[in-house]
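The chain contents come next:
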Amino acid sequence: MSITQPAGFTASGIAAGIKASGDLDLALIVNNGPRYDAAGVFTTNRISAAPVRWSQSAIQNGQARAVILNSGGANACTGVQGDQDAAAMADHTAQELDIAADDVLVCSTGLIGERLPMDKVITGITTAVESLTDDGFVTAAKAIMTTDTVHKTAQAQGTGYTVSGLTKGAGMIAPGMATMLAVVTTDAVVDSALAHELLTEAVRTTFNRADSDGCMSTNDTVLLMASGASEVTPDRDELQELLRSVCGSLARQIIGDAEGSTRDIAVTVHGAATEAEGEEVARAVTRSNLFKTAMFGQDPNWGRIISAVGTTHAQFNPTTLDVAVNDVMVCRNAGIGEDRSLVKFDDREVTVDIYLKAGDHAVTVWTNDLSYDYVRENAEYSS
C-alpha cells in the first residue's frame, strides 16, 4: 500500500551515526499546522525512559508541533544526564524549527543503560530538519528500526481526510499503556481532548493486544498529531474506527516481524463473561512459553492451552471448555476432541479459539511462537 503523509506534515529520516552500522537512525516528523493538537499514550512500566518523561510533560497542554525519534539507544536508566539529553534533543529541534521546546516530543529506542552520543544526535537533528520533505514518512519509519527486519507503516482514508501511522517493534513487545514506538498523524480537525480519548481506545484494543514476549518496554510511546489541514471535522465514530484500523495494522505488523518468529498466532477467547476476563484468558495463553514453543514445533498441544486458561480468575466451567487450533476442535469439554494430527500448519498464521461458554464477549490477542532464533537473538542482543 502506498503511504502518503496527511496534509500539513513533513518528515525525514537520516543516518546520524548513532548506530555503528551506519544505518538510518534519526527521524523527525513536523506538524506544520494550521492546528497542532496532539495526544499520547505511554508505557505504564514504572521504570520509564527519559524521553517518555519529557514527552509526558510536554504533551500535557494537548499541543505538539514536532517529534524527534532516534534508534540505536533507548536513553533509559541513564540518570539525570539522560533527562538532560532528552531535553537537549527537544531544545535543539525547537531551535532549528523556530518553535518552543515544549512543542517538541522525544522518542528513543535501543539498548537500555547507555547514554546517547549527543554530539552525533545534535548534528543529526540539524541534518534531519534540512532533510524534511512532504514524502519523508517511509524514510522516517526506516530510521526508527532496531531489530526490525522491515519498516512498518499504515494508512486509512476518511471522508475528506487521511490517517497515517508508522511504528517500530520486534522484541520487548507487551505494551501496557499504554521496545515499541508509534506516531499516528491526521489532517482532520480534532481537538486534543477528543484525540486523547480516541487514541486511548484505539490503543486498548490494538497495541495493547499485541503480546510478543510478555516484556513491557521502558520506552513504549504512541503519539497522535492532528494538523487540521484538511479543514474537515470528522464523524467521531468514523475517526475512531480509522484510528483503530491504522493502529491495528501497525500492531499486527509488529507481531509479523517478531524476533525469530515463524508463526503469527491469533488467540481468540469466545464466550467470556466480560471483556476484561476474555483478555485475561487470552493473555495467559499468549504468555505461556510452553504454548509458544509448541506452536514453533507445529504441535497443537491443547493441554498447554487449557492449563494456561486454568490459571486465570475468569468465570467458566472447567468441564465444558472447548479449544480449536486452525479450526480443528482438538479439545471438547476439557477432554479429548478431534485427532490433533488433523491440524495443518501450512500457513504462517495460526488461529487458536477458546470457548469459555460463560458470556457473550470475544477478545483476540496476537502473539508469535518462541523459536531457537529468538533465544539466539536476545542472548546476543547487547554483545
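Residues numbered from 1 in each chain as written. Predicted model: local features only at pLDDT ≥ 70, side-chain atom pairs only at ≥ 80, totals over all residues. Heavy atoms only, no water.

Looking at an unreviewed UniProt entry, the chain carries the name Arginine biosynthesis bifunctional protein ArgJ, with the source organism given as Enteractinococcus helveticum. Looking at the Subcellular location (unreviewed entry) heading of the UniProt record, one finds this comment for the chain: "Cytoplasm". (UniProt positions renumbered as here; feature names shortened; annotations may be inferred.)

Participant: Explanation requested: the pairing of strand β14 (residues 349-355) in the structure shown.
Facilitator: Looking along a regular strand, one sees the side chains alternate between the two faces of the sheet. By the bridge criterion, 7 bridges tie strand β10 (residues 264-272) to β14 in an arrangement that is parallel. Looking across to β14, one finds that T268 is bridged to D353. Two elements, strand β11 (residues 322-325) and β14, share 4 bridges in a ladder whose sense is antiparallel. Across the sheet, the residue bridging to V323 is I354, located in β14. (Pairing = 2+ DSSP bridges. Helix = DSSP H or I, 4+ residues; strand = E, 2+ residues; numbered from the N terminus.)

Participant: Looking at this model, I keep getting lost on helix α7 (residues 275-286). Mind explaining?
Facilitator: The α-helix winds at 3.6 residues per turn, so residues separated by three or four positions along the chain end up facing the same way. Taking 1.5 Å per residue as the helical rise, α7 with its 12 residues ought to reach 16 Å, and the 16 Å between its terminal C-alpha atoms agrees with that figure. Along α7, the residues that are buried comprise E277, G278, E279, V281, A282, R283, V285 and T286. For α7, the secondary structure elements touched by its buried residues are β10, α8 (289-296), α9 (302-309), β14 and β15 (361-368). (Expected span 1.5 Å × (residues − 1). Buried < 20%, exposed > 50% of the residue type's maximum accessible area, 1.4 Å probe, protein only. Contact = heavy atoms within 4.5 Å.)

Participant: Looking at this structure, I do not really get the environment of V184. What am I missing?
Facilitator: Within the secondary structure layout, V184 lies in strand β8 (residues 181-186). Owing to a relative accessible area of 0%, V184 belongs among the buried residues under this scheme. Separated by 102 residues in sequence, V184 and T286 have C-alpha atoms that sit 27 Å apart. Once residues lying within four places of it in the same chain are set aside, the contact partners of V184 are V163, S164, G165, L223, L224, M225, L243 and C247.

Participant: I would appreciate a short explanation of the sheet that holds strand β7 (residues 162-168) in the present structure.
Facilitator: Pairing between the strands of a sheet is mediated by backbone hydrogen bonds and can be parallel or antiparallel. The sheet built from 5 strands is open, its strands ordered β3-β9-β8-β7-β6 with mixed pairing. Strands at the two margins of the open sheet, each flanked by one partner only, are β3 (37-42) and β6 (152-157). Adjacent strand axes in the sheet meet at a mean angle of 10°, parallel and antiparallel pairs treated alike. Running at roughly 35° to β3, helix α5 (residues 192-204) makes contact with β3 and β9 (221-226) of the sheet. (Axes fitted to C-alpha atoms, helices over the stretch in contact; angles between N-to-C directions.)

Participant: It is not clear to me how the sheet that holds β15 should be interpreted in this structure. Could you clarify?
Facilitator: With mixed pairing, 6 strands are arranged side by side in an open sheet as β13-β12-β11-β14-β10-β15. Of all strands in the sheet, those with a lone pairing partner are β13 (335-336) and β15, marking the two edges. Helix α6 (residues 236-256) rests against β10, β14 and β15 of the sheet, and its axis sits at about 40° to β15.

Participant: Help me understand the packing of helix α2 (residues 79-97) against helix α3 (residues 118-130), please; the structure alone is not making it clear to me.
Facilitator: Working note: a packed helix pair is described by the angle between its axes plus the distance between those axes. Here α2 crosses α3 at 30°, and the two axes come no closer than 10 Å. Relative to α3, the element α2 is oriented roughly parallel. Classified by chirality, the crossing of α3 by α2 is right-handed. Between α2 and α3, the contacting residues are D85, A88, M89, H92, T93, E96 and L97 on the first element and M118, V121, I122, I125, T126 and V129 on the second. Each residue belonging to the contact of α2 with α3 can be placed in one class, and the counts come to 8 nonpolar, 3 polar and 2 charged. (Parallel < 35°, antiparallel > 145°, perpendicular 65-115°, else oblique. Left-handed = near helix turned anticlockwise from the far one by under 90°. Nonpolar A, V, L, I, M, F, W, Y, C, P; charged D, E, K, R; others polar.)

Participant: Would you mind going over the side chain of D25 with me for this structure?
Facilitator: For D25, the position within the fold is in the loop between β1 (9-14) and β2 (26-31). Notably, D25 is buried but unbridged: the nearest opposite-charge side chain belongs to K19, and the N-O separation is 6.4 Å. A distance of 3.2 Å separates a polar atom in the side chain of D25 from the backbone nitrogen of G17. Excluding residues that lie within four positions of it along the chain, D25 makes contacts with I14, A15, A16, G17, I18, K19, L69, N70, S71 and A143. (Lys, Arg positive; Asp, Glu negative; His and termini not counted. Salt bridge = Lys/Arg side-chain N within 4 Å of Asp/Glu carboxyl O. Polar contact = N/O pair within 3.5 Å; in protein donor to acceptor, adjacent residues only side chain to side chain.)

Participant: Any chance you could explain α3 here in plain terms?
Facilitator: If you check α3, its first and last C-alpha atoms are 18 Å apart, about what 13 residues at 1.5 Å a residue would give, namely 18 Å. Turning to α3, its buried residues number three or more, namely M118, V121, G124, I125, T126, A128 and V129. Its buried side turned inward, α3 meets β1, β2, β4 (66-71) and α2.

Participant: I'm lost on the pattern of salt bridges in this one. Help?
Facilitator: Two side chains with opposite charge may pair up if their charged atoms get near one another. Going through the model one piece at a time under the given rule, you end up with 23 salt bridges. The salt bridge involving R283 is made with D211; its shortest N-O contact spans 3.0 Å. Of this pair, R283 sits in helix α7 while D211 sits in the loop between α5 and β9, placing them 72 residues apart in sequence. Of the residues examined, D211 reaches a relative accessible area of 0% and is grouped as buried.

Participant: I keep staring at the pairing of β4 and nothing clicks. Help me out?
Facilitator: In terms of residue burial, β4 counts as a mostly covered element, since 6 of its 6 residues are buried. Alternating positions in β4 separate into two faces, A66, I68 and N70 on one and V67, L69 and S71 on the other, with burial throughout. Summarising the sheet, β2 and β4 pair through 5 bridges and their orientation is antiparallel. Note that in β4 the partner of L26 across the bridge is N70. Pairing of β4 with strand β5 (residues 104-109), which is carried by 6 bridges, proceeds in the parallel orientation. Its bridge partner lying in β5, L69 is registered against C107. Running through α2, the crossover from β4 to the neighbouring parallel element β5 is right-handed. (Right-handed = clockwise from strand over helix to strand, strands pointing away.)

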